[in-house]
Amino acid sequence: MNDRSAGPLRATARTLRFGDHPDALADASVLPAVLRALDRDPPGAVLDVVPAYATVMVAWDAGHPDAARVGPWLAEIEDAARAGGPIGEAASDGARDGASDGASDGASAGARDTDRLVTIPVRYDGADLDDVAERTGLRRDRLIEMHAGATYRVRALGFAPGFPFLSGLPDALRMPRRDRPRDRVPAHAVAIAVDQAGIYPLPSPGGWHLLGTALTAVYDPHREEPFLLRPGDRVRFEPSDGPTPEEPEPLELLPERPQLPAFEVEEAGLQDLVLDAGRFRVGRFGLSRSGPIDASAFRLANRLLAQDPHAPALETTVRGPTLRATRESVIAFTGSGVRPTLDGRPLASCTTVRVPAGARLAFPPGPHGVRGYLAIAGGFEAARFLGSASTDLRARIGRPLRAGDRLGVAREHAARPGFAFHPPELGAWREGRFPLPIRIVPGPHPDDAAWEALTRATFEVQHGDRTGLRLHGPDVPGGEGTSEPTRLGGVQVPPDGRPIVLLYDRGSLGGYCTPAVVLDRDVAKLAQARPGA
């Protein structure tokens, strides 16, 4: 992916601001032009472009050979946007024709028809329809008429894959969020909150008021065009009747019949995911990057086998699967969380190992850490979605392994067994030595009091998953604001004062204050920290 295999990512980001008012981008129609310009000949270092309200965040790899182009490229776009210059030309044919990976695919997909009007049929049967009518003093039919009579603008996609944040809600319908969010909002629910409308693409928790059901899915990974809406689109709702769309099933990435079968899954682990480097330049659609949580351990497993550091490998969590080898292969295991065995004997970590046909690999829990990585010579065979083979559970792209699955090798690749390498960074903190020193830098919402609270005390991991870790410790000043793009390692602080460190499967947008960001090199430390660490 744009030669990202050269080394570990050194992610950095810059937020372009085009006005102080939240509607600056959407109402002025600047956003479509800015996105077209950002999609035109982007430097190879660019990792993501995420619009939100009056801002667009651009993230890039500072260690990439093309990183020096990013600054001048952004400055030109920013200057032209503020001066009203010619930033709205269509993306070049070269940029689209070169879409051979997920980064280019995502960029091109967002560049087409930037001022479309999309009509969405809605069955007005929402659980909160009568309550909203009562609280606004409107008759039910008048409420529906007003909601369907407005023209909305897609200000951003985020929170969930394809979830549209729509401006243009009539003033008479503006209401605060529900006092108590629902644990489960059904897929396709049409909802309002504060001054916005939105559509839930998949079941999820939510605190918006439900007015009806969209009769067209705004997101379906099985469609040729998975996302119905894009930032900058105009939207109208049309009262209608008809069947509710089916919830999309997970998109299968593992082949049912691999070309080169290597393992059969006899028993699944807690959460076994096939991943590659991740899915880049898809944040504008509300998708997460995904990819390995402990990226350094993932790359090392592949490098031991002398292959692409980002070849698809298997991430295990606390307890891994039991696999029966159906052919001879060479593997490498790195990371923590489990104690791998080969036919009941301990398997050396950070070492290439020959696995004969018929042998059994198992990954029982270990004493320290959370995540480990099993790489195979040739990489695991998997289909790609927007250029990546990574599983994304939030977006229903791929799924965890289950008993009966067969894992295949993507290509023949010779690797030497018995090769070992133990880099220093795989030392103390993966062996359970605490506390972990975590380095931070100021975030997009710097605050002296929050910085002091974060750096003066020890915090404890309360719980976590691939989305993020909630920390317990002294209260940190925080709060809510206008939703903005989120960053890997961002330390979000909700009003309750309990920090959350964002990881790879985070939502692309968030409205909590972010006073600090964890350095990329230290995100892996947190990825291996169990509750109580």
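Structure shown above.
Residues numbered from 1 in each chain as written. Predicted model: local features only at pLDDT ≥ 70, side-chain atom pairs only at ≥ 80, totals over all residues. Heavy atoms only, no water.

Draft legend 1. Region of interest: the overall build of the protein chain. When its secondary structure is counted, the protein chain shows 10 helices and 30 strands. The buried share of the protein chain, reckoned over its 533 residues, is 57%. For the protein chain, restricting intrachain contacts to residue pairs at least 6 apart in sequence, the fraction spanning at least 24 positions comes to 74%. A total accessible area of about 21,400 Å² is found for the protein chain, and carbon and sulfur atoms account for 49% of it. (Helix = DSSP H or I, 4+ residues; strand = E, 2+ residues; numbered from the N terminus. Buried < 20%, exposed > 50% of the residue type's maximum accessible area, 1.4 Å probe, protein only. Contact = heavy atoms within 4.5 Å. Areas by Shrake-Rupley, 256 points an atom, 1.4 Å probe, with all protein chains shown as cover.)

Draft legend 2. Summary view of the packing of helix α6 (residues 129-136) against helix α7 (residues 140-149). In contact at an axis separation of 9 Å, α6 and α7 are set at 95° when each is read in the N-to-C sense. Regarding the angle of α6 to α7, the classification is roughly perpendicular. Residues L129, D130, V132, A133 and T136 of α6 touch α7, and the partners they reach there are R140, L143 and I144. The class makeup of the residues in the contact of α6 with α7 is 5 nonpolar, 1 polar and 2 charged. (Axes fitted to C-alpha atoms, helices over the stretch in contact; angles between N-to-C directions. Parallel < 35°, antiparallel > 145°, perpendicular 65-115°, else oblique. Nonpolar A, V, L, I, M, F, W, Y, C, P; charged D, E, K, R; others polar.)

Draft legend 3. View of the pairing of strand β4 (residues 117-123). Of all 7 residues in β4, 5 are buried; the element is thus mostly enclosed. Both β4 and strand β12 (residues 234-239) contribute to a ladder of 6 bridges, which runs parallel. Bridge pairing links V122 to P239 in β12. Sheet topology note: the β4/strand β11 (residues 209-214) ladder contains 2 bridges and is antiparallel. (Pairing = 2+ DSSP bridges.)

Draft legend 4. Local environment of the sheet that holds strand β14 (residues 273-275). The 5 strands are arranged β14-β15-β22-β17-β20 in an open sheet whose pairing can be described as antiparallel. Edge positions in the open sheet fall to β14 and β20 (352-355), since each of these has one partner strand only. Pairs of neighbouring strands in the sheet enclose a mean axial angle of 30°, with direction left out of account. With 3 bridges connecting them, β14 and strand β15 (residues 313-317) associate as antiparallel partners. For L273, the partnering residue across the bridge sits in β15 and is E315.

Draft legend 5. How the structure looks around the pattern of salt bridges. By the definition in use, this model includes 29 salt bridges. Measuring nitrogen to oxygen at the nearest pair gives 2.9 Å for the salt bridge that ties R439 to D522. Of this pair, R439 sits in the loop between β23 (406-408) and β24 (440-442) while D522 sits in helix α10 (residues 520-527); the two residues are 83 residues apart in sequence, bridging distant segments of the chain. With a relative accessible area of 41%, R439 lands in the partly exposed category. What you see here is one network of salt bridges that share partners, running through E252, R399, R402 and D405. (Salt bridge = Lys/Arg side-chain N within 4 Å of Asp/Glu carboxyl O.)

Draft legend 6. Seen up close, the environment of G478. Here G478 lies in the loop between β26 (468-472) and β27 (480-485). Since its relative accessible area comes to 42%, G478 is described here as partly exposed. For G478 and V493, which are 15 residues apart along the polypeptide, the C-alpha to C-alpha distance reads 4.7 Å.

Draft legend 7. Structural context of the nonpolar core. Membership of the largest hydrophobic core comes to 42 residues, with the highest contact counts inside it found for I120, Y124, L143, Y152, V235, F237 and L287. Mapped onto this core, the elements with two or more residues apiece are β4, α6, α7, β5 (152-157), β8 (189-193), β9 (196-199), β11 and β12. Element by element, the count of residues in this core is highest for α7, at 4 residues. L143 has contacts with L129, V132, A133, T136, L138, L173 and L211, leaving out every residue within four places of it along the chain. Formed by 36 residues, the second largest nonpolar core is a distinct cluster that contains A297, L488, V523 and A529. (Core = buried A, V, L, I, M, F, W, Y, C linked by side-chain atoms within 4.5 Å.)

Draft legend 8. How the structure looks around the sheet that holds strand β13 (residues 261-267). Pairing is antiparallel across the open sheet formed by 6 strands, whose spatial order is β19-β18-β21-β16-β13-β23. Each edge of the open sheet is held by one strand with a lone partner, namely β19 (345-346) and β23. Relative to strand β21 (residues 360-362), strand β16 (residues 322-325) runs antiparallel, the two being bridged by 3 bridges. Within the sheet, the bridge partner assigned to T322 lies in β21 and is A362.

Draft legend 9. Representation of unusual backbone geometry within the structure. Phi at V194 takes a positive value of approximately 55°, unusual for a residue other than glycine. Tracing the backbone through its elements, the reader meets V194 in the loop between β8 and β9. You will see that R396, though not glycine, has its phi angle at about 55°, which is positive. Within the secondary structure layout, R396 lies in the loop between β22 (371-376) and β23.

Draft legend 10. Molecular detail of empty space enclosed by the protein. A full pass over the atoms with the stated rule returns 5 cavities of 30 Å³ or more. Considering only enclosed or pocket space, the largest cavity measures out at about 80 Å³ in volume. Surrounding the largest cavity, P444, H445, E484, P485, T486, R487, G490, Q492, L502, G510, Y512 and T514 form its lining. Of the residues belonging to the lining of the largest cavity, the class tally is 4 nonpolar, 6 polar and 2 charged. The volume enclosed by the second largest cavity comes to roughly 60 Å³. Lining the second largest cavity are E252, L253, L254, V274, A389, T391, G398 and R399. (1 Å grid on protein atoms, 1.4 Å probe; cavity = no way out; pocket = protein on both sides within 12 Å on 5 of 7 lines; lining within 4 Å. Points joined across faces, edges and corners; volume = space filled by probe spheres on them.)

So, to be careful, I would describe these as geometric facts and stop short of saying anything about function.
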